[in-house]
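Listed below are the residues making up each chain.
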Amino acid sequence: MTDQTYQPTLSQLRAFVAIAEYRHFGTAAARLSVSQPTLSQALAALEHGLGLQLIERSTRRVLVTAAGMRLLPQAMATLEAADRFVASATGDSLGGTLRMGIIPTVAPYVLPGLLPELRKVLPALIPQVIEDQTARLLEGLRTGVLDVALLALPTEAPGLVEIPLYTEEFVLVTPRGHELAGRTDIAPATLAALPLLLLDEGHCLRDQTLEFCRSADAHPGAVGDTRAASLATVVQCVAGGLGVTLIPEMAVEAETSRGTLETAHFAAPAPGRQLGLAFRASTARADDYARLAEIIRSQRPGAN
C-alpha cells in the first residue's frame, strides 16, 4: 500500500524512467551518469515508497510491470515539468533534455544542419536523438519515452498533435546511362517495367513507395528480391546495376554523390511525402514544440 506521506525524488523518477526506456540497468545507469547500485537503490526506494513493483528484473531481461506502464507517462510528465522549470530560470522555456525521435530516411540529412542551429538558438537545450522506424517512434511517444518525433505525416495515431513542416518529392535514382536518366516527365506507370529496389519492411518510405505504385496501377518487378536497411545501401545496389529506386529529395545530394548514379523526376503532380513534428496532445509544452517545429522548418535541407 502506498504511503500517502511519501514524496518521490526526481532522482528516483529519473531512475525509473531510464530503466523503463532502456530496459537495461547498465545502459540506464550510464545515461544518468550514476553507478548501477545507485540506480538500483533509487528504484527500490521509489517502489518501496509507492508500495508497487514498477520494474520486473531477471537475469536475462528487464520488464515494466502493468503498474509501471500506468505510472510511466506521469513520471515522464513530472520530469518534463521539472526540466521546464529549470530551463525557465535561464530565460528560455525550451531547455533541458529533449528526447527527439527521427526516422532513418530523415535523420542523416536533417541533423547536420539542425543540431548546430539548435546549439546556436537554444543553448539551454540538450537534444537526445533516437533514430528508429515509425512504429517504434510512435510507441515511444505513447509511453512517454520520447518527447517529440520527426516523421512522415499523417501518422493516424490517436492522442498526438502533428505539425506539418514541409513536403518533398520522390526522385528516381538510376544507374548511369539508364534510358530514363535526366528526364523530368516520367509517368508513374513507367515503374511497372522497372526492377524497383526498396528499403526493408518497417520503413515508412517503403510503404509510401508501394502505395504510390498501387495508386498508379504500376506493379514493378523484383520488389522483394533486394531489400536494405538504409538508403545508402539501396543506392549502391542501384549503382551496381540491380535496379532503380525512389529516394526523398533531401537525400539526393548526399546519396548520389557516391557511385555511378543519375536521377530522373516525375511529371507533376510528382509523388512525395509530408514531414512533420509529432508530440503528445497531453503535453504542457505545445507552444515550445511549435517553436521547435519552426526551427526545424527553417533548416530544411537544400532550403538555404
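For the structure, check the block above.
Residues numbered from 1 in each chain as written. Predicted model: local features only at pLDDT ≥ 70, side-chain atom pairs only at ≥ 80, totals over all residues. Heavy atoms only, no water.

(A) Fine view of the packing of aromatic side chains. All chains considered together, the criterion is met by one aromatic pair. Sitting above the plane of the Phe25 ring, Arg57 keeps its charged end 3.8 Å from the centroid. (Phe/Tyr/Trp six-rings, centres within 6.5 Å; stacked < 30°, edge-to-face > 60°. Lys NZ or Arg CZ within 6 Å of the ring centre and 35° of its normal.)

(B) Helix H8 (residues 231-239), seen in detail. Turning to H8, its buried residues number three or more, namely Leu231, Val234, Val235, Cys237 and Val238. Buried residues of H8, seen end-on, are gathered within an arc of 150 degrees and therefore sit on one face of the element. Looking one or two residues past H8, Gly241 carries a phi angle of roughly 85 degrees, positive in sign. (Buried < 20%, exposed > 50% of the residue type's maximum accessible area, 1.4 Å probe, protein only. Helix = DSSP H or I, 4+ residues; strand = E, 2+ residues; numbered from the N terminus. Arc of directions from axis to C-beta.)

(C) Spatial organisation of the layout of surface pockets. Its boundaries defined by the atoms lining it, the largest pocket holds a volume of some 400 Å³. Considering the residues around the largest pocket, the lining is formed by 18 residues, among which Arg14, Ala15, Ala18, Arg31 and Leu32 are closest to the centre. Counting only elements with at least two residues in the lining of the largest pocket, the list comes to helix H1 (10-22), helix H2 (25-32), helix H3 (36-50), helix H4 (66-89) and strand E3 (96-102). A per-element tally of the lining of the largest pocket places H1 first, with seven residues. The residue inventory of the lining of the largest pocket, partitioned by class, reads nine nonpolar, four polar and five charged. (1 Å grid on protein atoms, 1.4 Å probe; cavity = no way out; pocket = protein on both sides within 12 Å on 5 of 7 lines; lining within 4 Å. Points joined across faces, edges and corners; volume = space filled by probe spheres on them. Nonpolar A, V, L, I, M, F, W, Y, C, P; charged D, E, K, R; others polar.)

(D) Spotlight on the side chain of Arg280. Its place among the elements puts Arg280 in strand E11 (residues 272-280). Side-chain polar atoms of Arg280 contact the backbone oxygen of Leu146, separated by 2.7 Å. Residue contacts for Arg280: discarding those within four places in its chain leaves Glu80, Leu141, Gly144, Leu146, Asp147, Gly159 and Leu160. (Polar contact = N/O pair within 3.5 Å; in protein donor to acceptor, adjacent residues only side chain to side chain. Contact = heavy atoms within 4.5 Å.)

(E) How the structure looks around the environment of Leu98. Relative to the assigned elements, Leu98 resides in strand E3. Note on Leu98: relative accessible area 1%, which makes it buried. Spatially, the C-alpha atoms of Leu98 and Ala28 are 16 Å apart, while their sequence positions differ by 70 residues. The contact partners of Leu98, leaving out residues within four places of it in the chain, are Leu125, Ile126, Pro127, Gln128, Asp147, Val148, Tyr289 and Leu292.

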